[in-house]
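Structure at a glance
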Amino acid sequence: MSKIGFTWATFAFLAGLLAILLLDRLIPNPHETLDVNDPKFQDKTQSYLKRIGLMSAFAITAHNFPEGLATFFATLESPTLGAPLAFAIAVHNIPEGISIAAPIYFATQNKRLTVLCCFISGLAEPMGAILGYVILAPFLSPNAFGWVFGIIAGAMVFLAMDELLPAAKRYFDGHETVYGLVGGMGMIAISLALFNL
């Protein structure tokens, strides 16, 4: 049974990648380049940074909504499962918040807008829990959660590779982008390890 679940989770992940890929092809979007000799690579304008930050906020908000649902229903099922899940999600929300706040703040120098964008993104989790309790409880199942998380994971990986990494790379000449990537992966891995304690 676990092999079948793994297979379906993989298909859901690939479906998320494919969905964003198709959206990316259908809706015109100027793609970023990592060629340091390309004049477009030197674009470090505020509007560019703001767009990257808002895209991150949108993707992470979409990701946070089912996280809130999952945490809520896991806690209803078993508080001993729900508490570590909530803690693990809280830990990995730290780099998510930074990925929203940093580009928006540096683009706008507006602390209120930065906090508002992070707040709205974070608010998606309790809203997901409330909506799940009030409306969606009869329709949700472990299979539905698996598909939703898999699709959103695929979409976020595509956005990170297509938008966030090129944006990060243009601000550093060295390996700082890779250090940030590895650091983020490490933080997520630690949060997952804490969840499995």
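Residues numbered from 1 in each chain as written. Predicted model: local features only at pLDDT ≥ 70, side-chain atom pairs only at ≥ 80, totals over all residues. Heavy atoms only, no water.

A separate point is the overall build of the chain. Check the secondary structure of the chain and you find 6 helices and 0 strands. Going from the N terminus to the C terminus, the chain shows its helices and strands as α-α-α-α-α-α. The 197 residues of the chain split such that 29% are buried. The long-range share in the chain, meaning contacts at least 24 apart out of those at least 6 apart in sequence, stands at 79%. (Helix = DSSP H or I, 4+ residues; strand = E, 2+ residues; numbered from the N terminus. Buried < 20%, exposed > 50% of the residue type's maximum accessible area, 1.4 Å probe, protein only. Contact = heavy atoms within 4.5 Å.)

The next point concerns the UniProt feature "transmembrane region" (unreviewed entry) in the chain. The UniProt record annotates "transmembrane region" (unreviewed entry) at residues 6-27, 48-65, 85-106, 113-139, 145-165 and 177-195. Taken as a whole, residues 48-65 contains 100% helix and 0% strand, while its terminal C-alpha atoms sit 26 Å from one another. (UniProt positions renumbered as here; feature names shortened; annotations may be inferred.)

With that settled, consider unusual backbone geometry. Not every positive phi belongs to a glycine, and glutamine 109 is a case in point at roughly 55°. If you trace the backbone, glutamine 109 turns up in the loop between helix H3 (79-108) and helix H4 (111-136). Accessibility expressed as a relative area gives 47% for glutamine 109, which makes it partly exposed.

It is worth spelling out the packing of aromatic side chains at this point. The full count for this structure, using the stated rule, is 3 aromatic pairs. With 5.8 Å between their ring centres and 50° between their planes, tryptophan 8 and tryptophan 147 make a pair best called tilted. Taken together, the positions of tryptophan 8 in helix H1 (residues 2-26) and tryptophan 147 in helix H5 (residues 142-169) put the pair 139 residues apart, joining distant regions of the chain. Look at tryptophan 147 and you get partly exposed, because its relative accessible area is 32%. Relative to phenylalanine 106, the ring of tyrosine 105 lies with its centre 5.8 Å away and its plane at 70°, an arrangement referred to as edge-to-face. Of the residues examined, phenylalanine 106 reaches a relative accessible area of 54% and is grouped as exposed. An aromatic cluster is defined as three or more aromatic residues linked by ring pairs; in this entry it consists of Trp8, Phe11 and Trp147. (Phe/Tyr/Trp six-rings, centres within 6.5 Å; stacked < 30°, edge-to-face > 60°.)

Glancing now at a nonpolar patch on the surface. Together, Leu76, Val115, Leu116, Phe119, Ile120, Leu123, Met127, Ile130, Leu131, Tyr133, Val134 and Ile135 make up a nonpolar patch on the protein surface, roughly 1,200 Å² of accessible area in all. Considering every element that reaches the nonpolar patch, the biggest residue donor is H4, with 11 residues. Mapped onto the elements, leucine 131 comes out in helix H4. (Patch = residues over 30% accessible without salt bridge, like charges linked within 9 Å, V, L, I, M, F, W, Y side chains within 5 Å. Areas by Shrake-Rupley, 256 points an atom, 1.4 Å probe, with all protein chains shown as cover. Salt bridge = Lys/Arg side-chain N within 4 Å of Asp/Glu carboxyl O.)

With that settled, consider the side chain of threonine 177. Along the polypeptide, threonine 177 turns up in helix H6 (residues 176-195). Setting aside its immediate chain neighbours within four residues, threonine 177 contacts Leu165, Ala168, Lys169 and Phe172.

Counting through the fold element by element, serine 56 comes out in helix H2 (residues 46-77). For the pair serine 56 and isoleucine 104, spaced 48 residues apart in the sequence, the C-alpha separation amounts to 9.7 Å.

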